[in-house]
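Observations on the model geometry
As a plain string of letters, each chain reads:
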Amino acid sequence: MAGVDSDPKAHPYEPTQISDVDTEPQTTATTEYKRHPLYSPKEWLLESISSILALFLLIGIAIIFSYMDNKPLSAWRGGISLNATVSILTTACTTALMHGVSSFIGQSKWLHFKNGPRKLTDFETFDGASRGVWGSIMMLTTVKWNIATIGAFITILRLTFSPFAQQVVLINQRPVISSTDTASFGYAHNYSVGAQSGLANSGIQSIPQDPDMQSAIFQGLYGVNTSEPFTCPGECRWTDSYISIGFKAECRNVTQETMQAATCSGGKFSLQRCNMTTPGGINISTRYGFTDLATSYYMNATSLVKFDPANPGLRDTFPEIARFGIYRSSPDYNFIMRDINITECSLFLTAYEYTGAKANGSDFSANRREVDFGMKNPWALLPDGRESKFQHVYTNETTSGDTHIPALGMSYAGLYAVVNFFQSTTMATEWVDGNYDNTNLGVAATLSGDVDLGDRFNKMATAMTNYLRYGPNTQPAHGERIQSEPYVSIRWGYFIVPIVTEGLAILFAIFSILSNRQSRHVPLWKSSTLAVLACEHNERLGLLQTTGKDLNEIEDEAKKAKVALR
């Protein structure tokens, strides 16, 4: 088979061998076609353009991937989404790619029949391969592999082109950190209350109480859980460490030591009074009346910050500021005292370091540890030159290990007011079961019975500490906001399939153009269906013989001809 040039004046063709097919079955007529330049509209211009266009589209997709790699999805400014853009470009790329591949497969069938006798069904196989995947599979399995085999593989790989290209893009949520003043929690280096009441002659005993501090004490002793008043617009974190003054409590069972030193007065059938002193010097008094009454709860407190004009300065026990003695028992119906327990608790002034703070919604958490000053008592009293109510308890700025400890302070009046509250009948009270009018109720209801005193006093110290952090001397610890934002990750491994497909298409185009330029006896009919009309099937010779017309001539004749199916 061969085709002809559309310009017979410039490039005439002449039969190199002529035979009569009826009398000379062993010979055939051969027509030689002149090949035009590579990009002539007469030959492969459109196919070359479509192949180059597919290549540029693939490069464009790769540029988009490279630009968006490890960037937030918001960086994509296109009018349509990133995935939709990739889908459009891949569809356009495969469309342009397959235009050339189909033409090259169609042209390959003419070379296939020119190279020797072939089954006539191969014609349909090649034609199907130039149009879709099933035809390509049939050609790979029924036709001896040739240059068109590359095109068949490309046609099959085209199915994976778009899915793999879109699989390259992975969108996942990543935390985005940004500093913001709206993320904060409180800490304090100082605490002070008003140093004097309304009258100028008021002493330290008349220091006004801080109602918010009292509220914190009650919340802790009653086990009331309160949320920390931090601020966070969503999810936040704090990477620095913060030191804040605070309190701590320690409790221990002193039942045996205290009971051994108890002294009691009164008879068996009269009111019996027992007095005892804890190892820490807290006086406890109980009463018992046979078949009448019995003390089930008694709490007393003593101050360790009382100002002594004769011996000014802090006591040796500092930073312990208050000590408590709690007596508890459970009288039975026979008025016999059972489960007697005496606990001694101490309240200390201290400081805490907060690290790893984070918040999410209404939840806040931070790692808290007590600051190690490297000494038993780092506190000192700074005299004001006036009365004790104007003095100040402080620590100097220092470094302990890797921890930088800022200067801390608390007004002496503030400490004294707290201890005065503990020694008042609001806290230090007695509860007597039986025939007795209890008037000073105090906090007996929450601390009597089998309540874990160590846990309650720890909660009280924590609540007092939290109040200092958010009280009148609070400082905001500004943190960072964590926002979840979609980011684009490019998985280049999936892009290998589109690259290989495009690479094979380029190679197939080059090989097809070169092989057809060498075959001067094969017309460039490509995948045209009209070209079949330019062939004559000689059944006796088993040949397909061309009429010597090129594709343009065939198309011109087809426009003029009218046919009907009979």
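Residues numbered from 1 in each chain as written. Predicted model: local features only at pLDDT ≥ 70, side-chain atom pairs only at ≥ 80, totals over all residues. Heavy atoms only, no water.

1. Considering the pairing of strand β13 (residues 337-360)
- Where strand β6 (residues 235-237) lies against β13, 3 bridges are found, and the strand directions are antiparallel. If you follow C236 over to β13, its bridge partner there is A359.
- With 12 bridges connecting them, strand β7 (residues 242-253) and β13 associate as antiparallel partners. Counterpart to N253 in the pairing with β13 is T343.
- Where strand β12 (residues 320-331) meets β13, 10 bridges bridge the pair, whose relative direction is antiparallel. Residue pairing across strands places E320 opposite F348, the latter belonging to β13.
- Where β12 hands over to β13, the hairpin turn is made up of 5 residues, of which F335 adopts a positive phi near 60°. (Pairing = 2+ DSSP bridges. Helix = DSSP H or I, 4+ residues; strand = E, 2+ residues; numbered from the N terminus.)

2. Examining the pairing of strand β9 (residues 272-277)
- Relative to β9, strand β8 (residues 263-265) is paired through 3 bridges, and the arrangement is antiparallel. Directly across from C264, in β9, lies its bridge partner C274.
- From the end of β8 to the start of β9, which pair antiparallel, there are 6 residues, and G266 there has a positive phi angle of about 105°.
- Bridge count for β9 against strand β10 (residues 283-289) is 6 bridges, and the pairing is antiparallel. The residue bridging N275 from the neighbouring strand is S285, located in β10.
- Connecting β9 to the antiparallel partner β10 that follows it, the hairpin turn spans 5 residues, and G281 within it adopts a positive phi of roughly 90°.

3. Topic: the state of the cysteines
- For the structure shown, the criterion picks out 3 disulfides.
- Covalent S-S linkage joins C232 and C236, the inter-sulfur distance amounting to 2.1 Å. In this structure the cystine formed by C232 and C236 twists about its S-S bond by roughly 100°; its chirality is therefore right-handed.
- A relative accessible area of 16% means that C232 is categorised as buried.
- Judged by its relative accessible area of 1%, C236 falls in the buried class.
- Between C251 and C345 runs a disulfide, and the two sulfur atoms are separated by 2.0 Å. Between C251 and C345 the sulfur-sulfur dihedral comes to about 115°; the bridge is accordingly right-handed. Taken together, the residues span a long stretch of sequence, with C251 in strand β7 and C345 in strand β13 at a distance of 94 residues.
- A residue is classified by how much of its surface remains accessible, and C251, at 30% relative accessible area, is partly exposed.
- Once the disulfide-bonded cysteines of the protein are ranked by sequence position, their pairing pattern turns out to be 1-2, 3-6, 4-5. (Disulfide = S-S within 2.5 Å. Buried < 20%, exposed > 50% of the residue type's maximum accessible area, 1.4 Å probe, protein only.)

4. Here we look at the packing of helix α2 (residues 82-114) against helix α5 (residues 148-167)
- Remark: α2 packs on α5, axes separated minimally by 10 Å, with the N-to-C direction vectors making an angle of 175°. Judged by the inter-axis angle, α2 sits roughly antiparallel to α5. Residues N83, V86, S87, T90, C93, T94, L97, M98, V101, I105 and S108 of α2 form the contact with α5, whose own contacting residues are A148, G151, A152, I154, T155, R158, F161, S162, A165 and Q166.
- Within the contact of α2 with α5, the residues separate by chemical class into 11 nonpolar, 9 polar and 1 charged. (Axes fitted to C-alpha atoms, helices over the stretch in contact; angles between N-to-C directions. Parallel < 35°, antiparallel > 145°, perpendicular 65-115°, else oblique. Contact = heavy atoms within 4.5 Å. Nonpolar A, V, L, I, M, F, W, Y, C, P; charged D, E, K, R; others polar.)

5. Some details on the side chain of R328
- Structurally, the position occupied by R328 is in strand β12.
- The side chain of R328 is buried and forms no salt bridge, while D450, the nearest opposite charge, is found at 6.4 Å.
- Polar contacts involving the side chain of R328 include one to the main-chain carbonyl oxygen of G449, which spans 3.1 Å.
- A polar atom in the side chain of R328 sits 2.7 Å from the backbone oxygen of V451. (Lys, Arg positive; Asp, Glu negative; His and termini not counted. Salt bridge = Lys/Arg side-chain N within 4 Å of Asp/Glu carboxyl O. Polar contact = N/O pair within 3.5 Å; in protein donor to acceptor, adjacent residues only side chain to side chain.)

6. A closer look at the side chain of S329
- Looking at where S329 falls in the secondary structure, it is placed in strand β12.
- The exposure class of S329 is buried, given its relative accessible area of 6%.
- Here T295 takes part through its backbone oxygen, which lies 2.9 Å from a polar atom of the side chain of S329.
- S329 has contacts with T295, S296, M337, R338, D339 and I340, leaving out every residue within four places of it along the chain.

7. So, helix α8 (residues 412-423)
- When the terminal C-alpha atoms of α8 are compared, their 17 Å separation across 12 residues agrees well with the 16 Å that a helix rising 1.5 Å per residue should span.
- Taken as a whole, α8 has its buried residues at Y412, A413, G414, L415, Y416, A417, V418, V419, N420, F421 and F422. (Expected span 1.5 Å × (residues − 1).)

8. With respect to α5
- With 20 residues, α5 should cover 28 Å at 1.5 Å per step; its first-to-last C-alpha distance of 29 Å lies within 8% of that length.
- Along α5, the sharpest kink reaches roughly 35°, centred on R158.
- Where α5 is concerned, the buried positions are A148, T149, G151, A152, I154, T155, F161 and A165. (Bend = angle between axes of the 7 residues up to and from the residue.)

9. Regarding the packing of aromatic side chains
- Considering all chains together, one arrives at 20 aromatic pairs under this definition.
- Ring geometry for W492 against F495: centres 6.1 Å apart, planes inclined by 70°, an arrangement best described as edge-to-face.
- You can call W492 partly exposed: its relative accessible area is 37%.
- One aromatic cluster is present, built from ring pairs that chain together F185, Y187, F230, W238, Y242 and F364.
- The ring of Y352 has R368 sitting right over it, with the charged end atom 4.0 Å from the ring centre.
- A cation sits over an aromatic face here: R469 above Y354, 4.4 Å from the ring centre. (Phe/Tyr/Trp six-rings, centres within 6.5 Å; stacked < 30°, edge-to-face > 60°. Lys NZ or Arg CZ within 6 Å of the ring centre and 35° of its normal.)

10. Thoughts on the nonpolar core
- Grouped together as the largest cluster of nonpolar side chains are 49 residues, with contacts concentrated most on F247, I321, F324, L347 and F422.
- Setting aside its immediate chain neighbours within four residues, L347 contacts F247, K248, A249, P319, E320, I321, A322, F324, F422, M460, A461 and M464.
- Counting 36 residues, the second-largest nonpolar core is a separate cluster that includes I61, M98, F104 and L140. (Core = buried A, V, L, I, M, F, W, Y, C linked by side-chain atoms within 4.5 Å.)

11. Details of the UniProt feature "transmembrane region" (unreviewed entry) in the protein
- Sites flagged by UniProt as "transmembrane region" (unreviewed entry) map to residues 44-68, 80-105 and 492-514.
- For residues 44-68, helix accounts for 96% and strand for 0%, while the C-alpha atoms at its two ends are 36 Å apart.
- In residues 492-514, helix accounts for 83% and strand for 0%; the two terminal C-alpha atoms are 33 Å from one another. (UniProt positions renumbered as here; feature names shortened; annotations may be inferred.)

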